[in-house]
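Understanding the architecture of this molecule
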Amino acid sequence: MRFRRGSAALLAAGILACAVACGSGDAAAFHPGGSLSPVPVQAPLPGAGGQHLGSFRFPSDVSIDFTAPAPASAVQRAVVAGYQDYVLSLWAAVLTHGKNTTYLRHAGGNAAGYVRREAARYASAELTVKGTISYNDTRISGVYFGTGADVLSCVDASAFHQVNAQTGATQGPALPARLTRYLENVAEGRNSDGTWSVTRLAIYPATSTQGAMCR
Amino acid sequence: MRTRLLTSMALLAAFAALSQGAPALALGAAPAARQGAARPAGGGPVYSHFAYSRVSVTGDTNPGALASPTAYTPAPCWVEPRFTGADSYHKGDPQPSATGDADSYWWWFVGQEPALAGVLGRLQGLKQAVNKVFQARQGGSGWWWVPGWINGGLNGYSCAWGLVHMLNFSAQYLEYLPPQTGGPATPGHPIDGRILAALARAELALPAIKVFTNPAVGKPSDVNLPLWVWVGYAGPQRPTDTASVPLPGGGGLSATVTTSPPQVSVSVNTAAARVYNNCGATGSRYNGDPTAIPPCGVTFLAPSTNGPYKLTVTARWTVRWTDSTGEGGTFPAPPWPVPAQAASATVTVREIQAVN
């Protein structure tokens, strides 16, 4: 299922489209730690409404895509939602040059530090990001004792660029060290209200042994 | 005592949270986002590839086996005993330290893993209360248990997060429990023979095999001519390894994984063949008798007119474990991988041309 968080309409459209394209409920079954990749459903291109995170609306030239097997349980859905909220809050922080601090609700530990560093790299009003970044095949490799979870996602940032905010001219990859394809591994913890937030982050380039699954 | 401890900690934590506005704890650098799996979580000392653990695995091991974020199937975290009651608290504490006593360890560990529990910004308020908790246990007969986890990827950390919160470690990190042997039904996932055996099994290095044949690999064979097959092992034929953890006050707990003699089998990708699978552990070297049927090998009944045949040789083991308390068992597949190594060779088979 391919969808964008933050837009219930788009999410519903994705589910509906998958129900048609996948043919049966089995196709979208969630297999923890497995390699099942349900038929991705092309998400609608961002319209005038675009994506949003709370009151923050993403620019129409920025697309943050998620493709994931359908989680089988409410807990797994909450874990995936926690990850997607973290991702959206990361880019909201970057796009607002650090002013949007929603990430503080969705990230802790070194994940929060990572968001702060990325936002700091885009502190200048002259810099921003543009394009599409895809978080593909997001899956939960384990939920431990009901309060900890491990999530893996293959990120494709090859079409996500750092641009000059005034001219729109591309200046290079959005992420440092020419990081365009990588495995993102996050640890999540359950909050007292039942939501999940990212507590630790690790990134493995697709060229590394650990990141090989994202080649 | 545990309930009282948690209650007092929670109350003090709540009070401290009100009295401490900004986060005061910035000890210990959080790991960099791109930190490799081999680095210790939180920058603590490297105990092999386990975080905050004194578990070690020795023998025929492949430590890289746990480097992948998804390499390990069982719960990749546990608690292990670290300090006796006699080492709960020493006068003059706390001095944050990974060794010494439980109190010092607490102060060290919260500096290493501030995000693991909700003490950010509350440590100063907790200081006296924490020290009193450990002081009260000084000389007791129990052990202090600490969380440890596998450091490959973040599944170990995720597990530890869940474990710490399930145990309500969040206010103290250390748990004071009577010594216990653990087991699947024991709350808290204390280290035991099963966990150690799983760690040893995960790191066990089965030797790669190399295929030898007569006629030799790369040389053509003939229809109806037996091909003899044997294997070489790039390591011990019966690998074994042991995971162990020292116990407070002396002694230790360990689990050893052993393997059976390997059983070799041969298969080919054609039905036009007669396969001999009495291979034992090493197959059968050519005995010099051109009319003999090999115990391990294959006779191709048709030429490989559509390209070389593929000969696959597989060595399989059975793996068992026993621990230092006398418990033992096997590793069913799944979830464990089938303990096997395979290698292949291509064989060109010619039609014999009779000359009269």
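The structure displayed is predicted, hence computed values, not measured ones. Note that residues are indexed from 1 along each chain, following the sequence as it is written. Whichever chain is written first is A, and whichever ligand is written first is 1; the rest continue in order. In keeping with the model being predicted, local features are shown solely for residues with a pLDDT of at least 70 and side-chain atom pairs are shown and tallied solely at 80 or more, while totals for entire chains, interfaces and linings include all residues. Note that water and hydrogens are dropped before the side-chain values are worked out from all heavy atoms of the structure.

1. As for the overall build of chain A
A run of H or I in DSSP counts as a helix once it spans at least four residues, and a run of E counts as a strand once it spans at least two, with each numbered from the N terminus. The secondary structure content of chain A amounts to 4 helices and 9 strands. For chain A, the proportion of its 215 residues judged to be buried stands at 53%. Only the protein chains shown count as cover for residues, and all accessible areas are computed by the Shrake-Rupley method using a 1.4 Å probe. Summing over all exposed atoms, chain A offers an accessible surface of approximately 8700 Å²; the carbon and sulfur share of this is 56%. Think of it in three bands: residues with accessible area under 20% of the maximum for their type are buried, residues over 50% are exposed, and the middle band is partly exposed, with areas taken using a 1.4 Å probe on protein chains only.

2. Some points on the overall build of chain B
Assigned secondary structure in chain B consists of 5 helices and 19 strands. Out of the 356 residues belonging to chain B, those deemed buried represent 49%. The contact rule is simple, with two residues in contact once any of their heavy atoms fall within 4.5 Å. Restricting the contact set of chain B to residue pairs at least 6 apart, pairs at least 24 apart contribute 74%. Total accessible area on chain B is roughly 15600 Å²; 55% of this is exposed by carbon and sulfur atoms.

3. Let's talk about the state of the cysteines
Residues and elements named next belong to chain B. Here, a disulfide means two cysteine sulfur atoms that sit within 2.5 Å of each other. The final tally for this structure, using the stated rule, is 3 disulfides over all chains. With its sulfur 2.1 Å from that of its partner, Cys-279 forms a disulfide with Cys-296. Residues Cys-279 and Cys-296 are joined by a disulfide whose S-S torsion is about 85 degrees; by sign, that bridge is right-handed. Of this pair, Cys-279 sits in the loop between strand 13 (273–277) and strand 14 (296–300) while Cys-296 sits in strand 14, and the two are 17 residues apart along the sequence. The same class applies to Cys-279 and to Cys-296, which are both buried.

4. Some details on the interface of chain A and chain B
Much of the literature gives interface size as the accessible area that the parts lose upon coming together. On the side of chain B, 29 residues touch chain A, which itself brings 29 residues to the contact. Interface of chain A and chain B: buried area, both sides summed, is about 2200 Å²; carbon and sulfur atoms make up 65% of it. Accessible surface is computed with a 1.4 Å probe, and the buried area is the amount of it that two parts give up when combined, taken over both parts together. Contact with chain B buries surface across chain A, with A:Tyr144, A:Phe145 and A:Arg200 losing the most and accounting together for 34% of the total. When a carboxyl oxygen of Asp or Glu is within 4 Å of a side-chain nitrogen of Lys or Arg, the pair counts as a salt bridge. Ionic pairing is found between B:Glu113 and A:Arg200, a salt bridge with its closest N-O pair at 2.7 Å. In protein, a polar contact means a hydrogen-donor-capable atom and an acceptor-capable atom, both N or O and within 3.5 Å, with residues adjacent in sequence counting only if both atoms are side-chain atoms; elsewhere, any N or O pair within 3.5 Å suffices. Summed over the shared surface of chain A and chain B, the number is 7 residue pairs in polar contact (both at pLDDT 80 or more). Elements with a contribution of two residues or more to the side of chain A that touches chain B: helix 4 (109–121), strand 5 (127–144), strand 6 (148–164), strand 8 (181–190) and strand 9 (196–205) of chain A. It is strand 8 of chain A that provides the largest number of residues to the side of chain A that touches chain B, a total of 7 residues. Throughout, the ten residues Ala, Val, Leu, Ile, Met, Phe, Trp, Tyr, Cys and Pro are labelled nonpolar, Asp, Glu, Lys and Arg are labelled charged, and all others, Gly among them, are labelled polar. Counted by class, the side of chain A that touches chain B contains 15 nonpolar, 9 polar and 5 charged residues.

5. Some details on the pattern of salt bridges
Residues and elements named next belong to chain A. Enumeration according to the criterion identifies 6 salt bridges over all chains in this entry. Between Arg-139 and Asp-137 there is a salt bridge whose closest N-O contact spans 3.2 Å. Using a relative accessible area of 9% as the deciding quantity, one classes Arg-139 as buried. What makes Asp-137 buried here is its relative accessible area of 18%.

6. Details of the environment of A:Pro69
Its place among the elements puts A:Pro69 in the loop between strand 4 (62–67) and helix 2 (74–95). The spacing of A:Pro69 and A:Ala149 is 80 residues in sequence and 16 Å in space, taken between C-alpha atoms.

7. Focus on the sheet that holds strand 18 (residues 340–347) of chain B
Backbone hydrogen bonds hold the strands of a sheet together, and the pairing may be parallel or antiparallel. All names here are of chain B. The antiparallel open sheet is built from 3 strands, whose spatial order is 12-15-18. Only two strands of the sheet have a single partner each, and these edge strands are strand 12 (263–268) and strand 18. Strand-to-strand twist of the sheet, defined as the mean angle between neighbouring strand axes without regard to direction, takes the value 20 degrees. One bridge is not enough; two strands pair if DSSP finds at least two bridges between them. The sheet contact formed by strand 15 (residues 309–316) and strand 18 spans 8 bridges and is antiparallel. Within strand 18, the position partnered with Lys-310 by the bridge is Thr-346. Convention adopted: a line fitted to C-alpha atoms gives each axis, helices being fitted over their contacting stretch, and angles between N-to-C directions are expressed from 0 to 180 degrees.

8. Examining the packing of aromatic side chains
All names here are of chain B. Geometry of aromatic contacts follows a simple scheme: Phe, Tyr and Trp rings, the Trp one being its six-membered ring, pair when their centres are within 6.5 Å, and the pair is stacked under 30 degrees between planes, edge-to-face over 60, tilted otherwise. In the structure shown here, the tally under the stated rule is 23 aromatic pairs over all chains. Here Phe-300 and Tyr-309 contribute two aromatic rings whose centre-to-centre distance is 4.8 Å and whose plane-to-plane angle is 5 degrees, an arrangement assigned as stacked. We classify Phe-300 as buried; its relative accessible area is 0%. When its relative accessible area of 10% is taken as the criterion, Tyr-309 is described as buried. Ring pairing ties together the aromatic residues Tyr-52, Phe-83, Tyr-105, Trp-108, Phe-109, Trp-149, Tyr-157 and Trp-161, which thus form one cluster.

9. Observations regarding unusual backbone geometry
Residues and elements named next belong to chain B. Ala-333 connects to Pro-334 through a cis peptide bond whose omega is -10 degrees. On the secondary structure map, Pro-334 appears in the loop between strand 17 (328–330) and strand 18. Between Pro-334 and the following residue, Pro-335, the backbone shows a cis peptide bond with an omega angle of 10 degrees. Relative to the elements of secondary structure, Pro-335 occurs in the loop between strand 17 and strand 18. Here the phi dihedral of Tyr-52 falls at roughly 60 degrees; this positive angle occurs in a residue that is not glycine. Locating Tyr-52 in the fold gives a position in the loop between strand 2 (50–51) and strand 3 (56–59). Notably, Asn-224 is not glycine yet its phi reads approximately 70 degrees, a positive angle.

10. Some words on the confidence of the model for chain B
All names here are of chain B. A residue's pLDDT is the confidence the predictor assigns to it, expressed on a 0 to 100 scale. For chain B, per-residue confidence averages 79 on the pLDDT scale, and residues scoring 70 or more make up 76% of the total. Ignoring residues within four places in sequence, the model shows residues 178–186, a span with pLDDT below 50, making 14 contacts including any to other chains. Here the prediction assigns the complex a pTM of 0.77, and the interface score ipTM is 0.74.

11. Side note on the environment of B:Thr213
All names here are of chain B. By the secondary structure assignment, Thr-213 is in strand 7 (residues 209–214). Sequence separation between Thr-213 and Gly-283 is 70 residues, and the spatial gap between their C-alpha atoms is 9.7 Å. Setting aside chain neighbours within four positions, we find Thr-213 in contact with Leu-227, Trp-228, Val-229, Trp-230 and Leu-311. Here Pro-215 takes part through its backbone oxygen, which lies 2.6 Å from a polar atom of the side chain of Thr-213.

12. Description of the side chain of B:Ser304
By secondary structure assignment, the location of B:Ser304 is in the loop between strand 14 and strand 15. At a separation of 2.8 Å, a polar atom in the side chain of B:Ser304 contacts the main-chain amide nitrogen of B:Val349.

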